Structure formats: C-alpha cells, structure tokens
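Now for the letters of each chain:
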Amino acid sequence: MPATDLPLLIDAARIAGRVATSYTGPAAQCWDKPDGAGPVTEADLAVNAVLLSTLRTARPSYGWLSEETEDDDARLSHDTVFIIDPIDGTRSFVEGGKTWAISIAVAHQGQITAAAVLLPMRDMLYTASIGGGAALNGTALRACDNAFSSTTTVLAARANLDAANWKGTPPQFDLHYRPSLAYRLALVGAGQFDAMLTLRPSWEWDIAAGALIITEAGGTITDRTGAPLRFNNTHPTLNGVVAGGRTVQNALVDRLEPAPS
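Summarised in this report is the structure supplied together with it. Within any chain, residue numbers begin from 1 and follow the written order of that chain's sequence. Side-chain atom pairs in this predicted model are given and counted only at pLDDT of 80 or more, local residue features only at pLDDT of at least 70, and totals for whole chains, interfaces and linings cover all residues. The side-chain values count all of the structure's non-hydrogen atoms but skip hydrogen atoms and water molecules.

1. So, helix α4 (residues 181-189)
- Only protein chains enter the area calculation, which uses a 1.4 Å probe; residues under 20% of their type maximum are buried, those over 50% are exposed, and those in between are partly exposed. Runs of H or I in DSSP of at least four residues are treated as helices and runs of E of at least two as strands, each being numbered from the N terminus. Counting buried positions over the nine residues of α4 gives nine, a clear majority of the element.
- Every buried residue belonging to α4 is among Leu181, Ala182, Tyr183, Arg184, Leu185, Ala186, Leu187, Val188 and Gly189, and all of these are buried.
- Just past α4, the residue Gly191 takes up positive phi, approximately 80 degrees.

2. Looking at the nonpolar core
- The biggest cluster of nonpolar side chains holds 43 residues, and the ones touching the most others in it are Ile83, Tyr126, Ile207, Ile221 and Phe231.
- Taken together, the elements giving at least two residues each to this core come down to β4 (80-88), β5 (101-108), β6 (111-119), β7 (124-129), β8 (133-136), α4, α5 (204-216) and β16 (241-244).
- Considering each element in turn, this core owes the most residues, eight residues, to α5.
- Residues in contact with Ile221, not counting those within four places in the same chain, are Leu185, Ile207, Ala211, Ile214, Thr215, Leu229, Val241, Val242, Ala243 and Gln249.
- Membership of the second largest hydrophobic core comes to 28 residues, among which are Ile10, Val47, Phe82 and Ala114. The definition of a nonpolar core used throughout is a set of buried Ala, Val, Leu, Ile, Met, Phe, Trp, Tyr and Cys residues joined through side-chain atoms within 4.5 Å. Any two residues having at least one pair of non-hydrogen atoms within 4.5 Å are treated as being in contact.

3. Considering the sheet that holds β5
- One requirement defines pairing of two strands: DSSP has to find at least two bridges between them. Spatially, the seven strands line up as an open sheet ordered β3-β4-β5-β6-β7-β8-β9, and their pairing is mixed. Edge positions in the sheet fall to β3 (63-66) and β9 (139-140), since each has one partner strand and no second.
- Across six bridges, β6 lies against β7 in antiparallel orientation. For Ala116, the partnering residue across the bridge sits in β7 and is Thr127.
- Sheet contacts for α5: β3, β4, β5, β6, β7 and β8; angle to β6, the most-contacted strand, approximately 100 degrees. In this analysis, axes come from line fits to C-alpha atoms, helices being fitted only over the stretch in contact, and the angle between any two N-to-C directions falls in the range 0 to 180 degrees.

4. Considering the sheet that holds β16
- Spatially, β11-β10-β12-β16-β14 is the arrangement adopted by the five strands of the open sheet, whose pairing is mixed. The open sheet has two edge strands, β11 (174-176) and β14 (220-222), and neither has a second partner. On average, adjacent strands in this sheet sit at an angle of 20 degrees to one another, irrespective of strand direction.
- Both strand β12 (residues 195-198) and β16 contribute to a ladder of four bridges, which runs antiparallel. Within β16, the residue paired with Thr198 across the bridge is Val241.
- Helix-sheet contacts for α4 involve β10 (153-155), β12, β14 and β16, and the interaxial angle to β12 is about 155 degrees.

Remember that the coordinates give geometry; whether it matters functionally is a separate question.
Encoded structure:
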C-alpha cells in the first residue's frame, strides 16, 4: 500500500511534469469550462492522460477521480482511489507563471495514504506517506505550532474574510496568497506559513495530496466546522478546509461560522 504507492506517485509526477513543461503556458490552447468552472488547457488534458495511463496501468484495481476526467459512480465501488489534479493553478500556468502544481494522491477507505505535489517550474517535489512523514525534495518537513496573533501568517483568498464567514468581527492576521491550493497546503506543512483556509466548498482533487502533507508534517486539517476530512465522497467536495499548526488551526475553526450566514 503506501510503501509501494509513494514511489509510483513520485515517478508519475515527474513524467507528468515533463509533459506539462513541454507546453508554453500562454501559447497553450485554452478554453473555459461550462458553468464558470474555470479555465482548462490542452496541457491539463495531456497531463491527465499520461497520469491515467501510468497510474491505472500500475494499479488497475484502484478507482479514479480527476478534475479533468468526467466523473461517474464506478470509483465508489473501489476501496482505493487515485485523486488527481493534473494542473492545480491553471490560471498561473496560462499566464506563464511558476506557481502551479501537479497534485496526486491515493485514498484508501476515505483516508489519504500517499501524496505527491510537484511544482515543475520551481523544482519542488513535496511527498508524504501515512506514517512515513512529509518531505520537500527528500528533506523532512515540520509544520509550525505558534500561538494565534495578528502576525499569524495565513494563506487565503481575500474573499474568506467576508464577515458572513465569522462569528463577530473577522480575526486579524497576516494574509498571503498563492494560486494553487495544493501548494498552499504544502507551504503550511513546510512551516513557511502558520495556516491556510478556503471556506467555500472545495473539490477533493485540490486538497487530497496537501492534506496528507499537512498531517504527516505534524499539522492539523479539518473542514470549516472542525470535522475530519473524508475523501472519495459521492459528490467529491469538502465543506471548506482549515489547516495549520494545531493551536492556530483550532483558533481559526473556533471563530468560524459552520456555514456562511
């Protein structure tokens, strides 16, 4: 299981990285998904195809959930499932930026057991396996566990500060942003930021790999109500995500409304 899955994910991520970087972001064919679901490029689809071929060939008994594959109920009959975001941060990719990631995870009975997040343009590979710790390019990671204060560094979009999300006045903290949710989670696992949050319903493929990096680095991650995350749901979304060192993460969850008013 995890001991053999992680090397597979690492190899697949590196193959996918070579495919992704063979495209020039601003020149890649790009179009908008229906219903305002955001942009997609030919690179997203090419990465999805190579991951599907590489991973499912190696593990034909595993189910498949990917942002760029039409979902169906077949994955629900599998105990173990790949959860994939071929390019997380597509807007950054399209703009020619470097802050986009390939996010690959394995979930077994709803729990993430192995994960890889690759930023090809930054030569950064975050990895984790359940019980095996988290690492960046092979160096072990440790999340911060600082007290909550106005200088607490939090990765989040500004929309999360809407007063409707909070009990009383939104808390004061040092707000930062990165385009990729997987990268935000990995940065918190690396101890470079105290926490991250996203309060709208979140797709599993954006969160799965980063969630294990957080917990294996000693951090805590839940939905916005403080409930544990479970993956491979019938509708593959989570009720927001709050992650960080235990003290800060608990402080943020305590201040949040369970759902926006």
